[in-house]
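# Residue-level structure breakdown
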Amino acid sequence: MNRTRHTTEQIVNKLRQSDVELARGQSVAAVCKLIGITEQTYYRWRKEYGGLKVDQARRFKELEQENARLKRLLAEAELDKAILREAARPN
């Protein structure tokens, strides 16, 4: 089975669609089958994106990417500091 990557907008829309179907009385398993995801994926998305609007979810993803970039920069800076500290230490 092919693996599909969903965009943030698609995830929020599918969660919104699932809310409508659940309100109509369908089970979580039936809703997951309808929108084409597994129950595990549904609960993971619900935990991460539950209650967000499309623009909020998009901003959330952008902030996560920016945070990861800043963490990498900090790790590189700390490594540079450790190398310089090692080089400056007398033998």
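The structure reproduced in this document is the subject of the present report.

What counts, and where the lines are drawn
- Residues numbered from 1 in each chain as written.
- Predicted model: local features only at pLDDT ≥ 70, side-chain atom pairs only at ≥ 80, totals over all residues.
- Heavy atoms only, no water.
- Helix = DSSP H or I, 4+ residues; strand = E, 2+ residues; numbered from the N terminus.
- Rg over C-alpha atoms; globule rule 2.2 N^0.38 Å.
- Buried < 20%, exposed > 50% of the residue type's maximum accessible area, 1.4 Å probe, protein only.
- Areas by Shrake-Rupley, 256 points an atom, 1.4 Å probe, with all protein chains shown as cover.
- Lys, Arg positive; Asp, Glu negative; His and termini not counted.
- Charge placed at Lys NZ, Arg CZ, Asp CG, Glu CD.
- Axes fitted to C-alpha atoms, helices over the stretch in contact; angles between N-to-C directions.
- Parallel < 35°, antiparallel > 145°, perpendicular 65-115°, else oblique.
- Left-handed = near helix turned anticlockwise from the far one by under 90°.
- Contact = heavy atoms within 4.5 Å.
- Nonpolar A, V, L, I, M, F, W, Y, C, P; charged D, E, K, R; others polar.

### Focus on the overall build of the protein chain
- When you go through the protein chain residue by residue, the secondary structure sums to four helices and zero strands.
- Taken over C-alpha atoms, the radius of gyration comes to 21 Å for the protein chain, far larger than the 12 Å a tight globule of 91 residues would show.
- In the protein chain, buried positions account for 19% of the 91 residues.
- Put simply, the protein chain shows about 7,400 Å² of open surface, and 53% of that area lies on carbon and sulfur atoms.
- Between the averaged position of the 19 positive side-chain charges in the protein chain and that of its 13 negative side-chain charges there is a distance of 4 Å.

### Considering the packing of helix α1 (residues 8–23) against helix α2 (residues 28–35)
- At their nearest, the axes of α1 and α2 sit 10 Å apart, and the two run at 140° to each other. With respect to α2, the axis of α1 lies oblique. The element α1 and its partner α2 pack so that their crossing is right-handed. Along the contact surface, α1 presents K14, Q17, S18, E21 and L22, while α2 presents V28, V31, L34 and I35.
- Broken down by class, the residue content of the contact of α1 with α2 amounts to five nonpolar, two polar and two charged.

### Remarks on the packing of α2 against helix α3 (residues 39–49)
- It is at 9 Å that the axes of α2 and α3 come closest, and there the two elements cross at 95°. It follows from the interaxial angle that α2 and α3 lie roughly perpendicular. Two secondary-structure elements touch here, α2 through V28, A29 and C32 and α3 through E39, Y42 and Y43.
- Grouping the amino acids of the contact of α2 with α3 by side-chain chemistry returns five nonpolar, no polar and one charged.

### A short note on the side chain of T8
- Mapped onto the elements, T8 comes out in helix α1.
- Relative accessible area serves as the criterion here: at 12%, T8 is assigned to the buried category.
- Ignoring sequence-local partners within four residues, the contact set of T8 consists of Y49, A57, R58 and K61.

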